[in-house]
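Architecture and fold: a report
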Amino acid sequence: MSWYIKIERGIVDKTTFDRYVPAHLAYVKTLENHQAKTGYWRESAGGMLIFEAQSYEEAQDIVEQDPLILNHCVEYELHEWVQVGGPPL
């Protein structure tokens, strides 16, 4: 499996965004087999989801099911991440 990173930028007001955060967190919990972790940028509207997937296509499918994407709360970029230093994740 490879690691993938969804980098996102919020595109709705905070009230709308916050309405979908519980569903996003519940979705991330369903990705336990993908070692998914999520978080946000303290200094700006947006955040990151890092997870494992078998292929870019599988990673894209995972991202497209995220409630933040389904509800048009964020714009995102999806990248395959190749670790070259530090202890393995």
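Definitions and limits used
- Residues numbered from 1 in each chain as written.
- Predicted model: local features only at pLDDT ≥ 70, side-chain atom pairs only at ≥ 80, totals over all residues.
- Heavy atoms only, no water.
- Helix = DSSP H or I, 4+ residues; strand = E, 2+ residues; numbered from the N terminus.
- Rg over C-alpha atoms; globule rule 2.2 N^0.38 Å.
- Buried < 20%, exposed > 50% of the residue type's maximum accessible area, 1.4 Å probe, protein only.
- Contact = heavy atoms within 4.5 Å.
- Areas by Shrake-Rupley, 256 points an atom, 1.4 Å probe, with all protein chains shown as cover.
- Lys, Arg positive; Asp, Glu negative; His and termini not counted.
- Charge placed at Lys NZ, Arg CZ, Asp CG, Glu CD.
- Phe/Tyr/Trp six-rings, centres within 6.5 Å; stacked < 30°, edge-to-face > 60°.
- Salt bridge = Lys/Arg side-chain N within 4 Å of Asp/Glu carboxyl O.
- Arc of directions from axis to C-beta.

Here we come to the overall build of the chain. Helix and strand counts for the chain stand at 3 helices and 4 strands. Its C-alpha atoms give the chain a radius of gyration of 13 Å, within 12% of the compact-globule value 12 Å for 89 residues. Viewed in the frame of its principal axes, the chain has a C-alpha envelope of about 40 × 25 × 20 Å. Counting every position in the chain, which comprises 89 residues, the buried fraction comes to 35%. Counting contacts in the chain only where the partners sit at least 6 residues apart, residues at least 24 apart contribute 67% of the total. As presented, the chain carries roughly 5800 Å² of accessible surface, and 55% of it is formed by carbon and sulfur atoms. Charge centroids of the chain, computed over 7 positive and 14 negative side chains, lie 11 Å from each other.

The next point concerns the packing of aromatic side chains. All told, the structure shown has 2 aromatic pairs when counted by the stated rule. Note on Y4 and Y56: the rings are 6.2 Å apart at their centroids and 65° apart in plane angle, and the pair reads as edge-to-face. In this pair, Y4 is assigned in strand β1 (residues 2-10) and Y56 in helix α2 (residues 56-64), connecting sequence segments 52 residues apart.

Moving on: the pattern of salt bridges. Taken as a whole and judged by the stated rule, the model has 4 salt bridges. Residue E75 pairs with R9 through a salt bridge whose shortest N-O separation is 2.5 Å. Of this pair, E75 sits in strand β4 (residues 74-81) while R9 sits in strand β1; the two residues are 66 residues apart in sequence, bridging distant segments of the chain. Given a relative accessible area of 44%, R9 falls into the partly exposed group. A salt bridge links K14 to D18; its shortest N-O distance comes to 2.6 Å.

Now for unusual backbone geometry. Even without being glycine, Q35 reaches a positive phi, approximately 50°. Within the fold, Q35 resides in the loop between α1 (14-30) and β2 (37-40). On the basis of relative accessible area, Q35 is assigned to the partly exposed category, the value being 35%. Phi is positive for H72, which is not a glycine, with a value near 55°. H72 sits in the exposed class, given a relative accessible area of 59%.

Let's shift gears to α2. By the burial criterion, the buried members of α2 are A59, Q60, I62 and V63. For α2, the buried positions fall inside an angular range of 160° around the axis, keeping them on one side. Turning to α2, the residues buried within the fold contact β1, α1, β3 (46-53), α3 (67-70) and β4.

Limitation: the analysis is restricted to geometry and does not speak to function.
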